[in-house]
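Chain and residue survey
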Amino acid sequence: MTYQRQPEEEPEEIVWRQTVQQALAQVLNPPLSAGRLIREHSRYKYALMAYSPRIYKSSGRLLSQAGTLSPDELAETAAVWQRELLTAFSQPATRANMTNALMHMQGYFKRLLSPAEKQQMSAAIEAYRTGACPAEGVKHLLLTTARHYQIDYLCDQAILQAAAPAQSHSGRSSV
């Protein structure tokens, strides 16, 4: 797949999508296991929500029985999953879908942040939603907050990795 820049697409998003395409090519390398596939899918949860809610739902259903599949069936399921994700990430995320994903990630902090911090995060998401700031600023805020509160699941989300190109929170290389 080749990527063409859309009129309002952020350069960081283009780079992120190209990096994801390369990373997904490696997912099917042996050893393939249901656990590994589900862990990878979990890393892409909010990215899928932002890029293709339809594929987010269908890919989750696809992997729901991964632990019960034979090795051959698992390999075929993994190949289908990989194609679905590549399709999802072949086009830019819509502002509405990205806003939805950002708001879902914000939900991890609802019991942790002070009212002023909640307002700051909500204002950042709203600024993105209205086009006043790029998504990368909000992603960076979410990632730094997740690191501060040691929310590893969010720290490891692929969609936040553009905000931290070197490594994810858990020490794995980023996507």
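Higher on the page you've got the structure.
In this report, we go over the structure that sits alongside the text.

Thresholds, definitions, all that
Residues numbered from 1 in each chain as written. Predicted model: local features only at pLDDT ≥ 70, side-chain atom pairs only at ≥ 80, totals over all residues. Heavy atoms only, no water. Salt bridge = Lys/Arg side-chain N within 4 Å of Asp/Glu carboxyl O. Helix = DSSP H or I, 4+ residues; strand = E, 2+ residues; numbered from the N terminus. Buried < 20%, exposed > 50% of the residue type's maximum accessible area, 1.4 Å probe, protein only. Phe/Tyr/Trp six-rings, centres within 6.5 Å; stacked < 30°, edge-to-face > 60°.

Some points on the pattern of salt bridges
Applying the stated criterion across every chain yields a total of 4 salt bridges. Across the salt bridge formed by Glu40 and Arg43, the nearest N and O atoms sit 3.5 Å from each other. Remark: Arg43 and Glu40 occur in helix 2 (residues 34–43); sequence separation between them is 3 residues, near one turn of the helix. Arg43 carries the same exposure label as Glu40, and that label is buried.

Overview of the packing of aromatic side chains
The geometry of two aromatic rings is summed up by the distance between their centres and the angle between their planes. Overall, the coordinates contain 5 aromatic pairs when judged by the stated rule. Measuring from ring centre to ring centre gives 5.9 Å for Tyr44 and Phe89, while their planes differ by 40°; the resulting arrangement is tilted. Here Tyr44, found in the loop between helix 2 and helix 3 (45–51), pairs with Phe89, found in the loop between helix 5 (71–88) and helix 6 (95–106); they are 45 residues apart in sequence, far enough to count as distant. Each member of the pair Tyr44 and Phe89 is classed as buried.

Considering unusual backbone geometry
With an omega dihedral of 0°, the bond running from Pro30 to Pro31 counts as a cis peptide bond. With respect to the helices and strands, Pro31 occurs in the loop between helix 1 (11–27) and helix 2. In this model, Gln150 sits at a positive phi of 55°, which is unusual for a non-glycine residue. Within the fold, Gln150 resides in the loop between helix 8 (135–148) and helix 9 (152–155). Assessed through its relative accessible area of 62%, Gln150 is described here as exposed.

Interpretation note: all reported values are geometric properties and have no functional meaning in isolation.
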